[in-house]
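A closer look at the structure
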Amino acid sequence: MSHSLNEIAAHAKRAARGAGLSWGMAEEAARATRWLASHGLNGPALLCEVLAKNDGVPHVQVAPVSLDGDWHARACELCPLVLGTTLNDCADRLAQGDAINARHVSHPLLVIPFAAWAAIHLSQPVRVSFAGLRIDTDGDGIWVDDPQGDLNTPKAETVTFSRTDKRADPAQRPGFRGTVTSEIWARLDTFAQRTFAPATEASRLLGAGAGLSDND
């Protein structure tokens, strides 16, 4: 089904909050999901997978243990949302010409929007490499060097971020709507429903309708 990007972002944010992400991380998840959907990529589906995978897992377990050397989590796979926000905090390292390597990253396509925002910060394209793929972004557009590769891979052993040169060939630019299957929308809604307080007898009596009395 076709949805506006605002609809996709709002639904993604509610789902992320329902899955236990902080308000700030839920905002980032929504922005990333929207960015991918605007480029015709499976942002909503990948978000579903990440939320399900990390459901109930403490943030510290899916975040980088240290920012020295290769980034990796304690025991779990690195969450792409946490990795992405960390990348943005450390984007100036790329400006110095250093590459950043992250190990054992789940659903790495979800880090691409964060690389895009790093590119905007640096005013220079950023390259993300994983699973034999090379993806460049200047913040707005995206170039995928191996479109036959598995963009939606559930895990990458290594994800590398680096600066790259501006490209003259056409990029895939964002559109104004995104496509989300009814199944994925329903899965997101399952998480989103957790944000609603369960009904109690008192809330039913205070809600719409006659409650226990019949005034007709």
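This write-up is about the structure you can find in this document. (Residues numbered from 1 in each chain as written. Predicted model: local features only at pLDDT ≥ 70, side-chain atom pairs only at ≥ 80, totals over all residues. Heavy atoms only, no water.)

1. Structural notes on the side chain of Thr164
Convention followed: For helices the rule is a DSSP run of H or I covering at least 4 residues; for strands it is a run of E covering at least 2, with both sets numbered from the N terminus onward. We call two residues in contact when some of their heavy atoms are within 4.5 Å.
Relative to the assigned elements, Thr164 resides in the loop between strand S6 (155–163) and strand S7 (177–179). Once residues within four sequence positions are removed from consideration, Thr164 is found in contact with Gln124, Pro125, Val126, Arg127 and Asp136.

2. Let's talk about the packing of aromatic side chains
Quick reminder of the rule: Classification of ring pairs uses Phe, Tyr and Trp, with its six-membered ring standing for Trp, and accepts pairs whose centres are within 6.5 Å; under 30 degrees between planes counts as stacked, over 60 as edge-to-face, and the remaining range as tilted. Two conditions define a charge sitting above a ring: the NZ of Lys or the CZ of Arg must be within 6 Å of the ring centre, and it must be within 35 degrees of the ring normal.
Enumeration over the complete set of coordinates arrives at 1 aromatic pair. Cation over ring: Arg17 sits above Trp23, and NZ or CZ is 4.2 Å from the ring centre. Cation over ring: Arg31 sits above Trp117, and NZ or CZ is 3.8 Å from the ring centre.

3. What about unusual backbone geometry?
The line we're drawing: Buried residues are those whose accessible area, probed at 1.4 Å on protein chains only, stays under 20% of the maximum for their type, while exposed residues exceed 50% and partly exposed ones sit between those limits.
Unlike most non-glycine residues, Ser123 shows phi in positive territory, near 60 degrees. Relative to the helices and strands, Ser123 resides in the loop between helix H6 (112–122) and strand S3 (126–130). With a phi close to 50 degrees, Ala131 is a non-glycine residue in the positive phi region. Along the chain, Ala131 falls in the loop between S3 and strand S4 (133–137). You can call Ala131 exposed: its relative accessible area is 55%.

4. With respect to the side chain of His11
Put simply, the rule is: N or O atoms closer than or at 3.5 Å make up a polar contact, with two conditions inside protein: a donor-capable atom paired with an acceptor-capable one, and, for residues adjacent in sequence, both atoms drawn from side chains.
Note that His11 resides in helix H1 (residues 5–18). What makes His11 buried here is its relative accessible area of 3%. In terms of polar contacts, His11 uses its side chain to reach the backbone carbonyl oxygen of Trp185, at 3.2 Å.

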